[in-house]
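# Remarks on the overall topology
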Amino acid sequence: MPRQKFDASYYRRFYSSTPVHSRKKVEELATAVHAMCSWWDVPVKSVLDVGAGLGYWRDWYAKTHPRVKRLSVDISAHACEKYGHERHDIAEWCPRTSFDLVVCHGVLQYLTSSQAERAITNLATATRHVLYLEVPTTDDIEHSIDAKSTDLDIHARSGAWYRKQLLRHFDQAGAGLWVKRDGDVVLYELERSR
Ligand SMILES: C[S@@+](CC[C@H](N)C(=O)[O-])C[C@H]1O[C@@H](n2cnc3c(N)ncnc32)[C@H](O)[C@@H]1O
């Protein structure tokens, strides 16, 4: 695993005074994602957080739903040691069993296109029901992102590129939620974009 980028200074830089994702914001998001899973009758008994960083998702589940099985993974040796994750590169790794909910929050922009393609296949294999995915696209970089607090040393790709990869495995439900195609969850026509 050659990447040295995600060392202590990376987390200091992007998670101190104006964090990209604050713990409070992630807690609000996790509350909403978990509630949407309940709405779809998805029993969230297991959660995998890929590229977990400071581990905010894992911590929220430990605090609010301690019986849910949690696994957090990251490529960063520093994050794994400091925040207690298993060390894996999602472009090369897939868990042996699938998880009801998989989270991949702000990670795929660090991968080249071929790595991201493999990562999406691994995320799909790892997901039993629902994937929550956030990744900045070229359009976001041009129009939506706060360049002062966001790492722009990334591989920017279009939304169309991501959709093409993701729609091989998932239906897009909006707000970052992707529901496993041909699984148990049935979305009404206007709940999904396909
Ligand atoms: C912007 S941080 C996001 C952290 C966390 N998900 C959040 O939303 O706060 C990106 C994280 O992705 C991890 N990462 C980057 N490439 C990865 C890969 N190929 N496999 C697993 N984790 C990776 C980095 O080490 C870093 O912790």
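Right, let's walk through the structure included here.

### Regarding helix 7 (residues 159-166)
If you check which residues of helix 7 are buried, you get Trp161, Tyr162, Gln165 and Leu166. Across the axial projection of helix 7, the buried residues extend over an arc of 125 degrees, all falling on one side. Residues Ala160 and Lys164 are exposed on helix 7 and point more than 90 degrees away from its buried face. Those residues of helix 7 that are buried are in contact with helix 5 (113-126), strand 5 (127-134), strand 6 (170-174) and strand 7 (177-180).

### Quick look at the state of the cysteines
Should the sulfur atoms of two cysteines be covalently bonded, the bond is a disulfide. On inspection of all chains with the given rule, the structure shows 0 disulfides. Here Cys80 is not disulfide-linked; the sulfur of Cys104 is the nearest cysteine sulfur, at 14 Å. Of all cysteine sulfurs, the one in Cys104 lies closest to Cys94, which takes part in no disulfide; the gap is 13 Å. According to the relative accessible area criterion, Cys94 is partly exposed, its value standing at 26%.

### Notes on the pattern of salt bridges
Enumeration according to the criterion identifies 10 salt bridges in this entry. In this structure, the salt-bridge partner of Lys25 is Glu28, at a minimum N-O distance of 3.3 Å. Pair noted here: Lys25 and Glu28 are both in helix 2 (residues 23-39), with a separation of 3 residues, about one helical turn. Under the relative-accessibility criterion, Glu28 is labelled partly exposed at 37%. One continuous salt-bridge network, built from bridges that share partners, spans Lys5, Asp151 and Asp153.

Cut-offs and rules
Residues numbered from 1 in each chain as written. Predicted model: local features only at pLDDT ≥ 70, side-chain atom pairs only at ≥ 80, totals over all residues. Heavy atoms only, no water. Buried < 20%, exposed > 50% of the residue type's maximum accessible area, 1.4 Å probe, protein only. Helix = DSSP H or I, 4+ residues; strand = E, 2+ residues; numbered from the N terminus. Arc of directions from axis to C-beta. Contact = heavy atoms within 4.5 Å. Disulfide = S-S within 2.5 Å. Salt bridge = Lys/Arg side-chain N within 4 Å of Asp/Glu carboxyl O.

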